[in-house]
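Structural features, examined
Chain by chain, the residues run as shown.
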Amino acid sequence: MSDSPEKLSVWCAGEDWCPITTTASLIGKKWHPVIIHRLLDNGPSGFNELKENVDGISSKVLSDSLEDLQEKGLVDREVINEQPFRVNYSLTEHGESLESVITEMAAWGETYLQEPKEADEPAE
């Protein structure tokens, strides 16, 4: 096995901005970075545990997002038990390699984003 990870497909080869758009296409959907963040923080998780940890996501959207992340090679799905049916989701090596990206996204947000104002507070 080589020391370098397997390369992912690129859809805009030859352009200087291609690595950015390729990365964005992998994690650019609303819930994808949050799911990856929760799996980085909590390790392998079952569906219901992930749903609790990703506050505000519907079961359908979580299911679709996990399927998409799995197809993109960022998340693994492992059937733990057939009766009762139980599945664990974990990050692949590619998914884990996004840790610095997700951490920087969180740090940027903490630095530059304001807390949402309460509905009854006047805007400044």
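Sequence order as written defines residue numbering, which begins from 1 separately in each chain. Since the coordinates come from a predicted model, pLDDT governs what is reported: local features require at least 70, and pairs of side-chain atoms require 80 or more to be given and counted, while whole-chain, interface and lining totals use all residues. Hydrogens are left out, water is left out, and the side-chain values use all remaining heavy atoms of the structure.

The name given to the protein chain in an unreviewed UniProt entry is Transcription regulator, with the source organism recorded as Haloarcula marismortui ATCC 33799.

**Some words on the packing of aromatic side chains**
Here a ring pair, both rings aromatic, is described through the centre-centre distance and the interplanar angle of the planes. The condition that has to hold: Between rings of Phe, Tyr and Trp, where Trp is taken as its six-membered ring, a pair exists when centres lie within 6.5 Å; planes separated by under 30 degrees are stacked, by over 60 edge-to-face, and by other angles tilted. To qualify as a helix, a DSSP run of H or I must reach at least 4 residues; to qualify as a strand, a run of E must reach at least 2; elements of each kind are numbered from the N terminus. Each residue's exposure class comes from its accessible area (1.4 Å probe, protein chains only) as a fraction of the maximum for that residue type: buried when under 20%, exposed when over 50%, partly exposed otherwise.
Tallied over the full model, the rule gives one aromatic pair. On the basis of an interplanar angle of 40° and a centroid distance of 5.1 Å, the ring pair of W108 and Y112 is categorised as tilted. Taken together, the residues span about one helical turn, with W108 and Y112 both in helix α6 (residues 99-112) at a distance of four residues. Since its relative accessible area comes to 56%, Y112 is described here as exposed.

**Quick word on unusual backbone geometry**
Cis geometry is adopted by the peptide bond preceding P84, which originates at Q83 and carries an omega value of -10°. By the element assignment, P84 lies in the loop between β2 (75-82) and β3 (85-91).

**What about helix α2 (residues 32-42)?**
As a reminder of what qualifies: Think of it as the arc spanned by the lines of direction from the helix axis to the C-beta atoms.
Looking at α2, one finds that the buried residues are H32, P33, I35, I36 and L39. Down the axis of α2, the buried side of the element spans an arc of 160°, and every buried residue falls inside it. G43, located one to two residues past α2, shows a positive phi value of around 75°.

**Quick look at the pattern of salt bridges**
Selection criterion: By definition here, a salt bridge exists when the distance from a side-chain nitrogen of Lys or Arg to a carboxyl oxygen of Asp or Glu is within 4 Å.
Under the definition given, this model contains three salt bridges. Its salt-bridge partner being K60, residue D64 comes within 2.8 Å of it at the nearest N-O pair. Placement of both D64 and K60 in helix α4 (residues 59-71) is noted, with a separation of four residues, approximately one turn of the helix. Residue K60 is classed as exposed on the basis of its relative accessible area, which comes to 56%. Between D68 and K72 there is a salt bridge whose closest N-O contact spans 3.1 Å.

**Considerations on a negative patch on the surface**
The condition that has to hold: A patch consists of residues whose relative accessible area exceeds 30% and which take part in no salt bridge; residues with like charges are grouped when within 9 Å of each other, and nonpolar side chains (Val, Leu, Ile, Met, Phe, Trp, Tyr) when within 5 Å. Note on areas: Shrake-Rupley with a 1.4 Å probe; residue coverage comes only from the protein chains shown. His is not counted here, nor are the chain ends, while Lys and Arg score as positive and Asp and Glu score as negative. For the purpose of locating charges, the reference atoms are NZ of Lys, CZ of Arg, CG of Asp and CD of Glu.
The grouping of D41, E93, E96 and E99 at the surface amounts to a negative patch. Along the chain, E99 falls in helix α6.

**Some words on the pairing of β2**
Worth spelling out the cut-off: Paired strands are those between which DSSP finds at least two bridges.
Strand direction decides the pairing type here: β2 and β3, joined by seven bridges, are antiparallel. Directly across from D76, in β3, lies its bridge partner S90. Where β2 folds back on β3, the antiparallel hairpin that results is connected by two residues.

**Brief notes about the sheet that holds β2**
The strand order across the open sheet formed by three strands is β1-β3-β2, and the pairing between neighbours is antiparallel. Strand pairing shows two members of the sheet lacking a second neighbour, β1 (45-46) and β2, which therefore form its edges. Note that β1 and β3 share two bridges and pair antiparallel. Residue pairing across strands places S45 opposite Y89, the latter belonging to β3.

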